[in-house]
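Chain and residue survey
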Amino acid sequence: MTSSVSSSSTATVAPEAGHNDLWLDVLKKLESKLQRGAFITWFRDTTILGREEGKIIIGLPLTTVMNWHLERYQSLTLEALKEVDSAISQVVYKVDGGLKDNRERTVNLLEHFPEQKKRKLPNKHEVKMAEGVTSKILNPRYLIDNFVVGANNRLAQAACSAVATSPGGKYNPLFLYGGVGLGKTHLLQGTGNAILQKNSKATVVYTTSEDFTNQVVEAIRMQKMEQLRKRYRQVDVLIIDDIQFLANKERTQEEFFHTFNALYEAGKQIIISSDRPPDELQLEDRLVSRFERGMIADVSEPDYETRLAILQEKAAEYELFIDLSVLQFIAEHTTKNVRELEGILMQAVAQYELEQRMPTIKSIAEIMRKLNKDPHLQEEEVGFETPEKKRSTLQDVMELVSKYYSVSIDDLVGKSRVREVLMPRQIAMFIGKKHLSVSFVRLGEAFGNRDHTTVMNACEKIERSMQSDHNVLREVHTLTTELGLR
Ligand code: ADP
Ligand code: MG
């Protein structure tokens with residue numbers, strides 16, 4: 001590498017003002033390559049302190065920040081610098097405490113890089129796996145490798161690893177069960193991802209029992225049951241999430257039974273998850289006994305050490321720099337549901353992006369209190385005051401949602417169904433219902449005289465999205481926190 005390190009350069013540095021434009025150009029390049037959270041966290045309070053021919057001296061506010069740059073961003077930064085000015089050949093760092101929060105000397109990132117209001121669509125799309133067979137797209141972030149193993153999930157993780165190594169082998173079917181938010185979907189999709197990684201030609205189908213039911217219903221309606229059966233015979237690995245929802249759906253159970261047998265006999269791998277063990281499922285006995293033939297593993301609530309390890313893993317994944325003591329505080333005081341654990345972390349990120357506040361024990365305690373995650377958390381314990389706030393109204397909700405997503409109020413109550421407008425509208429309705437207890441009928445009126453069933457559907461949709469999509473969960477949390485509704 002052509003770059004070197006210098007934390008205490010003695011070189012005479014030119015006043016940074018002259019390099020502001022260069023740095024801004026470089027930041028623009030970097031911003032397009034990094035996750036927003038990471039970009040804001042690591043490039044705020046930075047500047048070019050000086051230049052000596054081809055060598056650029058970058059000023060950073062803290063040693064920890066410098067370490068991070070050295071580890072992760074040095075070559076990326078050099079590359080961006082070279083793109084802007086090909087004469088540049090080297091980048092060195094210097095810590096300058098005076099840069100912290102100094103808007104005169106550094107580029108104001110939030111001003112120059114306002115948050116893009118265009119939301120990324122949730123990863124809900126389907127992919128075609130074989131003729132007539134579709135699968136939900138697997139979330140690439142769900143891997144067996146980034147699944148943190150603890151006493152609560154050791155067996156389940158080991159079974160998934162074994163299945164990933166030899167699908168259709170001795171752990172067939174693999175049946176995972178446990179409460180919500182404990183990592184079943186992560187493991188199922190991680191196993192699918194691992195199988196595909198080894199063999200990209202494998203037909204791996206990941207579906208939910210809801211989806212499977214819809215396909216059966218559709219096939220019955222179109223009198224194409226035979227085709228559906230045939231299609232599923234092409235599958236190498238069938239993953240069905242949340243099988244408990246097949247309860248009371250006799251016809252779907254019957255179809256699933258046949259598909260199951262056909263695949264099983266052909267040596268194809270079947271992986272199933274459920275919120276309870278097989279014998280507690282309200283499913284046909286013959287299905288239950290099929291499940292019991294294979295490997296059954298549970299996932300339960302993680303202990304303190306596992307919670308802490310999960311938080312560390314997630315913080316690293318999102319490139320968040322959070323003090324260990326803060327993570328320890330979350331792990332100690334919080335819920336055992338991993339999804340909620342992650343929610344708190346996401347909330348901290350959102351707050352950071354919004355207010356540029358590095359998460360501290362105090363701010364986390366505040367978030368947790370608002371999320372109502374630990375009613376026993378005493379205020380004195382962390383010493384913050386509760387501000388007196390007037391109760392938010394539906395008008396406040398609409399105004400904040402409008403501002404947050406850059407969608408006008410007219411659009412929110414208007415007819416447009418483009419996604420950029422539809423999603424914020426549904427979120428506003430959801431908050432109105434869930435947090436202000438406004439009736440469906442009244443919400444319909446407030447949102448351009450819509451029918452109350454439209455509002456009901458919107459609320460259900462958001463509720464579901466919050467379960468499966470971090471972004472939605474985080475945005476709703478940010479909005480309700482801003483509104484003082486948590
Ligand atoms: P379930 O399907 O059991 O309701 P999920 O698989 O959706 O739970 O998990 C909820 C969230 O918690 C996901 O973001 C997942 O990545 C995370 N998670 C749960 N357990 C772990 C773990 N042991 N290691 C890493 N992440 C985990
Ligand atoms: Mg799940």
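For the structure given in this document, a descriptive report is provided here. The shown structure was predicted, so the numbers you read here are calculated from the model rather than taken from an experiment.

Moving on, we come to the pattern of salt bridges. A complete count under the given rule lists 19 salt bridges for this structure. In this structure, the salt-bridge partner of Lys 55 is Glu 52, at a minimum N-O distance of 3.6 Å. In this structure, Lys 136 and Asp 211 form a salt bridge, with 4.0 Å as the shortest nitrogen-oxygen distance. Of the two residues, Lys 136 sits in strand 5 (residues 133-136) while Asp 211 sits in helix 7 (residues 209-221), which places them 75 residues apart along the sequence. Accessibility classification places Lys 136 together with Asp 211 in one group, the buried group. Several salt bridges converge on common partners, so that one network encompasses Lys 29, Lys 33, Glu 79 and Glu 83.

Another aspect to go through is unusual backbone geometry. Backbone torsion omega between Asn 172 and Pro 173 reads -5 degrees, so that peptide bond is classified as cis. Structurally, Pro 173 is set in the loop between helix 5 (154-165) and strand 6 (174-177). Even without glycine at this site, Glu 53 takes up a positive phi of about 50 degrees. Tracing the backbone shows Glu 53 in the loop between strand 1 (47-52) and strand 2 (55-60). Classification of Glu 53 as exposed rests on a relative accessible area of 73%. Here Asn 449, not a glycine, exhibits a phi torsion of approximately 55 degrees, which is positive. Following the sequence through the fold, Asn 449 ends up in the loop between helix 19 (440-446) and helix 20 (452-468).

Let us now look at the layout of surface pockets. Of the voids in this model, the second largest pocket is the one considered here, and its volume is about 430 Å³. Every element with two or more residues in the lining of the second largest pocket is listed here: helix 13 (338-355), helix 18 (419-434), helix 20 and helix 21 (470-482). Looking at which element gives the most residues to the lining of the second largest pocket, the answer is helix 13, with four residues.

Before going further, it helps to examine the site of ligand 1. Around ligand 1, a shell composed of 19 residues is seen, among which Gly 181, Thr 185, His 186, Lys 314 and Glu 342 lie nearest. Gly 181 is positioned with one of its backbone polar atoms (N or O) 2.6 Å from an oxygen atom of ligand 1. Within the side chain of Thr 185, a nitrogen or oxygen atom sits 2.8 Å from an oxygen atom of ligand 1. Among the elements of the structure, helix 6 (184-198), helix 11 (304-317) and helix 13 are those that each provide at least two residues to the shell around ligand 1. Grouping the amino acids of the shell around ligand 1 by side-chain chemistry returns seven nonpolar, eight polar and four charged.

Residues Ile 427, Ile 431, Ile 462 and Leu 479 are the most contacted members of the largest nonpolar core, which totals 31 residues. At the level of secondary structure, the elements contributing two or more residues to this core comprise helix 16 (394-405), helix 18, helix 20 and helix 21. Setting aside its immediate chain neighbours within four residues, Ile 462 contacts Met 423, Gln 426, Ile 427, Phe 430, Val 472 and Val 476.

What counts, and at which threshold
- Residues numbered from 1 in each chain as written.
- Chains lettered and ligands numbered in written order.
- Predicted model: local features only at pLDDT ≥ 70, side-chain atom pairs only at ≥ 80, totals over all residues.
- Heavy atoms only, no water.
- Salt bridge = Lys/Arg side-chain N within 4 Å of Asp/Glu carboxyl O.
- Helix = DSSP H or I, 4+ residues; strand = E, 2+ residues; numbered from the N terminus.
- Buried < 20%, exposed > 50% of the residue type's maximum accessible area, 1.4 Å probe, protein only.
- 1 Å grid on protein atoms, 1.4 Å probe; cavity = no way out; pocket = protein on both sides within 12 Å on 5 of 7 lines; lining within 4 Å.
- Points joined across faces, edges and corners; volume = space filled by probe spheres on them.
- Near = heavy atom within 4 Å.
- Polar contact = N/O pair within 3.5 Å; in protein donor to acceptor, adjacent residues only side chain to side chain.
- Nonpolar A, V, L, I, M, F, W, Y, C, P; charged D, E, K, R; others polar.
- Core = buried A, V, L, I, M, F, W, Y, C linked by side-chain atoms within 4.5 Å.
- Contact = heavy atoms within 4.5 Å.

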